[in-house]
Amino acid sequence: MTNLQNKKVLLVVTNHSELGNSGKKTGFYLPELAHPYHVFKEAGMHCVFVSPKGGKSPLDPGSLEAFKTDKICMDFIENTDILKQLDSTLSPSQVVPREFSVVFFVGGHAPMWDVAFSEELGKIASEVYSQNGVIGAVCHGTCGLLPVKVQPGSGESILKGTKVTSFTNAEEEEALGEKAWEIMNFKLETKLGEMGAEFVAGANWSCNVVSDKRVVTGQNPQSATLCGEQIIEALKAH
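Residues numbered from 1 in each chain as written. Predicted model: local features only at pLDDT ≥ 70, side-chain atom pairs only at ≥ 80, totals over all residues. Heavy atoms only, no water.

Draft legend 1. Summary view of the environment of Gln-151. One can find Gln-151 in the loop between strand 4 (134-138) and strand 5 (163-164). Separated by 23 residues in sequence, Gln-151 and Val-128 have C-alpha atoms that sit 8.6 Å apart. Discounting chain neighbours no more than four positions away, the residues touching Gln-151 are Ser-126 and Ser-130. (Helix = DSSP H or I, 4+ residues; strand = E, 2+ residues; numbered from the N terminus. Contact = heavy atoms within 4.5 Å.)

Below you can see the structure in the form of structure tokens.
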């Protein structure tokens, strides 16, 4: 069994703040960062934030309102040290992949516009995965797996033949309504399938976490804590 004390988790967050053409603000979704962060810290792990450009990662304001009675979320967002780190996230060039045991892609609609297309972050995750690390993601964060290969320089996607989940097309349509596919830039569930993943959908807003070959994914905010816990279990198993 692996001792997790002081092992490092690279938390991938977004720099993006516009929800498509909706006129609404987005960013990282609070419980999809706060809940796994809490799990990792409770396990004694060290958490580091990175974003596609480095610098500030914006909070989705709707997530703050929706989870204002959630103690873990409030403790997280009121922690001045965490807020300073989220204002000055690392850029990919500042990351040394061999230092990390986990790369975790945080959710929120925003990563669909930047993290999903970051070849630099994809390469970092590929390197961590190739050294027996665990790759995790929750909700729209699973879009971060799109550029990830089974090893650096390989043409083979980490998604090929891998069971995964993410925010589903059905959840997207329920959340954003009839204009969902005018607002969103692509259908994540559909794209994951096109990349060769075996998509595992749960009922809308149900807790659903899929762990396969050191890739651990959660469907939605309700899955965030269990996703963190399953990443810990995957680490211990390797």
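Draft legend 2. Up close: the sheet that holds strand 2 (residues 46-50). A sheet is described by the order of its strands in space; here six strands give the open sequence 2-1-3-4-8-7, paired in mixed fashion. Among the strands making up the open sheet, the edge pair consists of strand 2 and strand 7 (209-212). Strand-to-strand twist of the sheet, defined as the mean angle between neighbouring strand axes without regard to direction, takes the value 15 degrees. Contacts between helix 1 (residues 30-42) and the sheet are confined to strand 1 (8-12), strand 2, strand 3 (102-105) and strand 4, with strand 2 contributing the most and set at about 150 degrees to the helix. (Pairing = 2+ DSSP bridges. Axes fitted to C-alpha atoms, helices over the stretch in contact; angles between N-to-C directions.)

Draft legend 3. Seen up close, the packing of helix 1 against helix 9 (residues 224-237). Orientation of helix 1 relative to helix 9, taken along the N-to-C sense of each, is 35 degrees, at an axis distance of 8 Å. When the axes of helix 1 and helix 9 are compared, the crossing they make is right-handed. When helix 1 is examined against helix 9, the residues Pro-31, Glu-32, His-35, Pro-36, Val-39 and Phe-40 are found in contact with a partner set consisting of Ala-224, Thr-225, Gly-228, Glu-229, Ile-231 and Ile-232. Here the contact of helix 1 with helix 9 is composed, by residue class, of seven nonpolar, three polar and two charged. (Left-handed = near helix turned anticlockwise from the far one by under 90°. Nonpolar A, V, L, I, M, F, W, Y, C, P; charged D, E, K, R; others polar.)

Draft legend 4. Representation of helix 5 (residues 119-130). Look at helix 5: 16 Å from first C-alpha to last across 12 residues, which is about the 16 Å you get at 1.5 Å a residue. Looking at helix 5, one finds that the buried residues are Leu-121, Gly-122, Ile-124, Ala-125, Ser-126, Val-128 and Tyr-129. Close packing links the buried residues of helix 5 with strand 1, strand 2, strand 3, strand 4 and strand 8 (215-218). Of the residues flanking the end of helix 5, it is Asn-132, one or two places downstream, whose phi is positive at about 75 degrees. (Expected span 1.5 Å × (residues − 1). Buried < 20%, exposed > 50% of the residue type's maximum accessible area, 1.4 Å probe, protein only.)

Spatial relationships are all this shows, so hold off on functional conclusions.
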